[in-house]
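Examining the three-dimensional arrangement
So the chains spell out like this:
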Amino acid sequence: MRQNINPLFSETIPTLSPEFAQRRAFRLASSCGEIWDVLDRVFDPELPGLTIWDLGILQDVKEVDGQVQVVVTPTYSGCPAVDTIKQDIKKELSVVGYNKVDVRISLAPAWTTEMMSPDGKQHLKSIHIAPPNREDNVSCPVCESNQTTLLSQFGSTACKSLHQCESCSEVFDYFKHF
Amino acid sequence: MNTKNKNLYRFLVGLADDSVILSHRLSEWCSNGPYLEEDIALSNVALDYIGRARMFYQYAVEIEGKGRTEDDIAYFRNEREYTNLLVHELPINDFAFTMVRQYFLDVFYCLYLEKLTASSDSTVAAIASKAIKESRYHLKRSEPWIEQLSQGTEESKRRVQLALDELVNFVGELFVMDDWEKELLSSAIAVDRTELQSEWDHQVQTFLSTSGMSFDDSQVQIRGGRNGIHTEHLGHLLSEMQFLQRSNPGLNW
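Residues numbered from 1 in each chain as written. Chains lettered and ligands numbered in written order. Predicted model: local features only at pLDDT ≥ 70, side-chain atom pairs only at ≥ 80, totals over all residues. Heavy atoms only, no water.

1. Structural notes on the overall build of chain A
Rule in force here: Numbering of helices and strands runs from the N terminus; a helix is a DSSP stretch of H or I covering at least four residues, while a strand is a stretch of E covering at least two. Taken over C-alpha atoms, the radius of gyration is set against a globule rule of 2.2 Å times the number of residues to the power 0.38. Exposure classes here rest on a 1.4 Å probe applied to the protein chains alone. A residue is buried below 20% of its type maximum, exposed above 50%, and partly exposed in between.
Within chain A one finds six helices and seven strands. Put simply, chain A runs from its N terminus to its C terminus through helices and strands in the order α-α-α-α-β-β-α-β-α-β-β-β-β. Its C-alpha radius of gyration of 17 Å places chain A within 12% of the 16 Å reference for a compact globule of 178 residues. Taking the principal axes of the C-alpha coordinates as reference, chain A spans close to 55 × 35 × 25 Å. The 178 residues of chain A split such that 49% are buried.

See below:
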């Protein structure tokens with residue numbers, strides 16, 4: 001599992017959400033750590049570079065009688081990326097020799113942005129998408145200004161809204177707290 | 001199927017039909033919205049409803065246990081076999097009509113799904129928990145639109161009023177319990193729709209009066225959707241929605 005070693009990190013995002021802490025503890029306690037690590041190479045097709053672990057949708061990994069069972073929870077109920085993610089999981093696991101893979105979509109517990117990892121939030125910012133926060137305070141991912149305006153409640157995908165920075169005029173997506 | 005499962009199947013397909021039909025209507029705004037952001041927003045709301053429909057259909061075919069798929073149910077039933085409540089199938093009309101209907105339904109679904117999250121059926125409860133978050137967000141968008149249109153120009157007010165007058169005859173059906181739904185209520189799977197009406201009325205009337213609008217909800221209510229009796233509009237919608245699968249059965253992307 002990736003560890004955060006960025007010293008700036010503790011200043012920008014000081015605490016882990018309980019939901020993410022729980023996921024991390026669950027992963028650390030799992031007996032198939034290697035499979036979790038392989039799945040760190042599966043990305044959300046609409047959020048370049050964001051892994052399904054960091055996004056928070058990868059919920060469980062098990063190996064039963066030579067078959068790998070992966071549980072994923074969708075972000076939004078109509079998320080069109082789910083089928084692609086299923087295929088990508090199977091593809092990455094087959095590369096390392098797991099050919100019997102069952103990917104199950106589970107609705108409960110319902111996904112929330114609180115399940116996202118701090119690394120994931122940092123990554124979103126690096127690709128100029130404002131990461132979710134509980135208060136929906138949207139600051140510009142480019143110049144950090146808090147003076148931003150909502151342009152539309154939906155952005156390029158259902159999980160994002162569209163904003164503009166009043167300081168640097170950048171138009172950017174905010175990953176909605178959900 | 002035993003009686004309980006028959007009732008559950010009918011209940012699930014009804015909810016799925018509501019969602020898929022509204023989704024189709026909303027998707028008609030794709031590339032026709034008043035401006036690009038609104039176009040994207042309406043399409044995203046449509047996508048949420050497609051997702052909701054899929055969850056209900058998938059569970060329905062599981063309960064049915066005949067090996068059918070969600071596509072079989074959505075694409076190969078006729079108008080009389082569709083059981084959506086009529087309000088979902090009315091044409092999009094103008095933007096004011098689409099948004100007033102959306103606002104009415106957003107308020108309704110926020111109330112309805114909140115109760116449904118406590119369903120004794122864990123899958124139904126899980127779907128409701130997923131969907132309610134989306135409806136709450138939709139309401140945050142439809143409410144300001146009604147406010148803006150109601151306090152805008154004479155023309156925008158006139159259009160909101162026309163939409164209110166048209167929709168008033170169709171909202172009553174949202175609060176009617178059918179026999180199979182009553183059966184499921186007794187086992188705490190379904191929600192008592194009749195209990196939601198006063199809260200819905202209160203919320204909607206309070207909000208509309210602050211925007212200087214009102215509607216009289218004591219008029220005749222048009223019903224029939226759950227029993228397959230529809231307005232003339234549904235057949236046209238289905239012919240557009242289903243033609244690809246009907247002409248090429250089993251076609252995949």
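2. Overview of the packing of aromatic side chains
Residues and elements named next belong to chain B. Formally: Between rings of Phe, Tyr and Trp, where Trp is taken as its six-membered ring, a pair exists when centres lie within 6.5 Å; planes separated by under 30 degrees are stacked, by over 60 edge-to-face, and by other angles tilted.
Taken as a whole, this structure holds 19 aromatic pairs over all chains when the rule is applied. An angle of 45° between the planes, with centres 6.1 Å apart, marks the rings of Tyr103 and Phe104 as tilted. Look at Tyr103 and you get buried, because its relative accessible area is 1%. We classify Phe104 as buried; its relative accessible area is 1%. Geometrically, the ring pair formed by Phe108 and Phe175 is edge-to-face, given 5.5 Å between the ring centres and 80° between the ring planes. Placement of the pair is Phe108 in helix α4 (residues 95-116) and Phe175 in the loop between α6 (154-167) and α7 (179-186), with a sequence separation of 67 residues. Three or more aromatic residues joined by ring pairs make a cluster, and in this case those are Tyr49, Tyr103, Phe104, Phe108, Tyr109, Tyr112, Phe175, Trp200, Phe207 and Phe215.

3. A few points about the domain arrangement of chain A
Residue and element names in this part refer to chain A. Under the convention used in this document: Note that the domain bounds were set by an automatic or database domain assignment. We call two residues contacting when some pair of their heavy atoms lies within 4.5 Å. The term salt bridge refers to a side-chain nitrogen of Lys or Arg lying within 4 Å of a carboxyl oxygen of Asp or Glu.
Domain boundaries in chain A define domain 1 (18-115) and domain 2 (128-175). A C-alpha centroid distance of 27 Å is found between domain 1 and domain 2. Facing eight residues of domain 1, the contacting portion of domain 2 comprises eight residues. Counting every contact that joins domain 1 to domain 2 gives one salt bridge. With a shortest N-O distance of 2.5 Å, Arg134 and Glu114 are connected by a salt bridge.

4. Observations concerning the confidence of the model for chain A
In plain terms, the rule: Confidence scores labelled pLDDT are given residue by residue by the predictor and lie between 0 and 100.
Per-residue confidence for chain A averages 89 on the pLDDT scale, and 92% of its residues sit at or above 70. Within chain A, no element has a lower average pLDDT than helix α1 (residues 9-12) of chain A, which sits at 51, and none a higher one than helix α4 (residues 52-55) of chain A, at 96.

5. A few points about the interface of chain A and chain B
As a reminder, the rule being used: Buried surface area refers to the total accessible area, computed with a probe of radius 1.4 Å, that the two partners give up upon joining, counted for both partners together. Definition of a polar contact: a pair of N or O atoms within 3.5 Å, with one able to donate and the other able to accept a hydrogen when the atoms are protein atoms, and with sequence-neighbouring residues admitted only if both atoms are side-chain atoms. Each residue receives one of three labels: charged for Asp, Glu, Lys and Arg, nonpolar for Ala, Val, Leu, Ile, Met, Phe, Trp, Tyr, Cys and Pro, and polar for the others, Gly being one of them.
Taken together, the contact pairs 21 residues of chain A with 19 residues of chain B. Between chain A and chain B the total buried area reaches about 1800 Å² when both faces are included, carbon and sulfur atoms providing 63% of it. In terms of surface lost to chain B, no three residues of chain A exceed Ser77, Leu107 and Phe154 of chain A, which account for 37% of the buried area on that side. If you look at where chain A meets chain B, you find zero salt bridges. Along the contact surface separating chain A from chain B lie six residue pairs in polar contact (both at pLDDT 80 or more). Among the secondary structure elements, those contributing two or more residues to the side of chain A that touches chain B are β5 (148-152) and β6 (160-165) of chain A. Of the residues in the side of chain A that touches chain B, the class split is 11 nonpolar, nine polar and one charged.

6. Observations concerning helix α6 (residues 118-126) of chain A
Residues and elements named next belong to chain A. Selection criterion: Arc, as used here, means the arc of the directions from the helix axis to the C-beta atoms.
Among the residues making up α6, those that are buried are Pro118, Gly120, Lys121 and Leu124. Seen from one end, α6 has its buried residues packed into an arc of 160°, which puts them on one side. Downstream of α6 by a residue or two, His128 has a phi angle that is positive, lying close to 65°.

7. Observations concerning the nonpolar core
Residue and element names in this part refer to chain B. To keep it simple, the criterion reads: In plain words, nonpolar cores are sets of buried Ala, Val, Leu, Ile, Met, Phe, Trp, Tyr and Cys residues tied together by side-chain atoms within 4.5 Å.
Judged by nonpolar contacts, the single largest core of 87 residues is most densely connected at Phe11, Phe104, Tyr112 and Trp200. When residues in this core are grouped by element, the largest group, 16 residues, is from α4. Sequence-distant contacts of Phe104, that is, excluding residues within four places in its chain, are made with Leu164, Leu167, Val171, Trp200, Val204 and Phe215.

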